Amino acid sequence: MIKEKLLEVQNHIADSRTRRSDEYTDDVLLIAVTKNHDVHAMREAIDAGVTDIGENRIQEAKEKYEHLDRQAVWHLIGHLQTNKARQAVKIFDLIHSVDSLRLAQSLDKAAAEIDKVQQVLVQVNLAHEATKSGIYEDELMELLLQVDEMKNLQLMGLMCIAPNYENVEDCRPLFAKMRKIFDKVKEISWQTANIKYLSMGMTHDYTIAVEEGSNMVRVGTGIFGPRQY
Ligand SMILES: *Cc1c(COP(=O)(O)O)cnc(C)c1O
């Protein structure tokens, strides 16, 4: 079941890649979002070929991290509170949700304590939604420069969550704009940053995101079915 759905998602991604502009040659990395799904489902997904998993809550991730007897790259995709930074750096290979100087500083400090260089993305709130996290575009560059200065953080790119529009096509201009920002950020000569990832697209909008230049999609429901809360 998971295997078939995974294959379906992989095929959709491949199709969408053929429809995007020729200037976007990057591969698309699929993150299987396993929040609210148990370790059995995670094992099944990994055995079917998933390499990267995404979680959004520290406590849940920690429990699974201790029980998962499989190799995987761990992504934190949900909002992170500064007081959980220490736990986050112990588990996650890439943290997608840096959206303030304060959080970046906490992560930098926590990573230094365990002698790690923590890879991070900065989350952008492009649609200025008050209910969502992410930094606004006009403050983005300043935060990127600050993160680039931090010794125990390595900036790897940008992440965004599109608004929940009634018509999913309405996400398209926003994704296209994110790709433009990403390309601009990539051109800058950074000290330690290595701008590679543009994390955008979830189950209902990842095909559009890939068409518009996403190279990292976060798919939960499309692989595992609906979540039980
Ligand atoms: C839950 C979640 C996803 C995956 O959502 P689906 O609709 O199940 O694909 C992706 N990104 C973030 C930030 C999430 O919290």
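Please refer to the structure higher up on the page.
One structure accompanies this document, and this report is about it. (Residues numbered from 1 in each chain as written. Predicted model: local features only at pLDDT ≥ 70, side-chain atom pairs only at ≥ 80, totals over all residues. Heavy atoms only, no water.)

## Notes on the overall build of the protein chain
Then, in step 1: Counting its regular elements, the protein chain contains nine helices and eight strands.
Then, in step 2: Taken over the C-alpha trace, the protein chain has a radius of gyration of 17 Å; the compact-globule value for 229 residues is 17 Å, and the two agree within 12%.
Then, in step 3: Principal-axis analysis of the C-alpha atoms places the extent of the protein chain at approximately 45 × 40 × 30 Å.
Then, in step 4: Across the 229 residues of the protein chain, 52% fall into the buried class. (Helix = DSSP H or I, 4+ residues; strand = E, 2+ residues; numbered from the N terminus. Rg over C-alpha atoms; globule rule 2.2 N^0.38 Å. Buried < 20%, exposed > 50% of the residue type's maximum accessible area, 1.4 Å probe, protein only.)

## Quick notes on the environment of Pro173
Then, in step 1: Mapped onto the fold, Pro173 is located in helix H7 (residues 172–187).
Then, in step 2: In this structure Pro173 comes out as exposed when scored by relative accessible area, which is 55%.
Then, in step 3: Between the alpha carbons of Pro173 and Val39 there is a distance of 37 Å; along the sequence they are 134 residues apart.

## Re the layout of surface pockets
Then, in step 1: Taken as a whole, the largest pocket spans an internal volume of roughly 350 Å³.
Then, in step 2: Considering the residues around the largest pocket, the lining is formed by 20 residues, among which Lys35, Ile77, Ile161, Met202 and Arg218 are closest to the centre. (1 Å grid on protein atoms, 1.4 Å probe; cavity = no way out; pocket = protein on both sides within 12 Å on 5 of 7 lines; lining within 4 Å. Points joined across faces, edges and corners; volume = space filled by probe spheres on them.)

## Quick notes on helix H1 (residues 2–19)
Then, in step 1: End to end, H1 covers 26 Å across 18 residues, agreeing with the expected 26 Å (1.5 Å per residue, within 8%).
Then, in step 2: Buried within H1 we find Ile2, Leu6, Val9, Ile13 and Ser16. Seen from one end, H1 has its buried residues packed into an arc of 85 degrees, which puts them on one side. The exposed set on the far side of H1, more than 90 degrees from its buried face, consists of Lys3, Glu4, Thr18 and Arg19. (Expected span 1.5 Å × (residues − 1). Arc of directions from axis to C-beta.)

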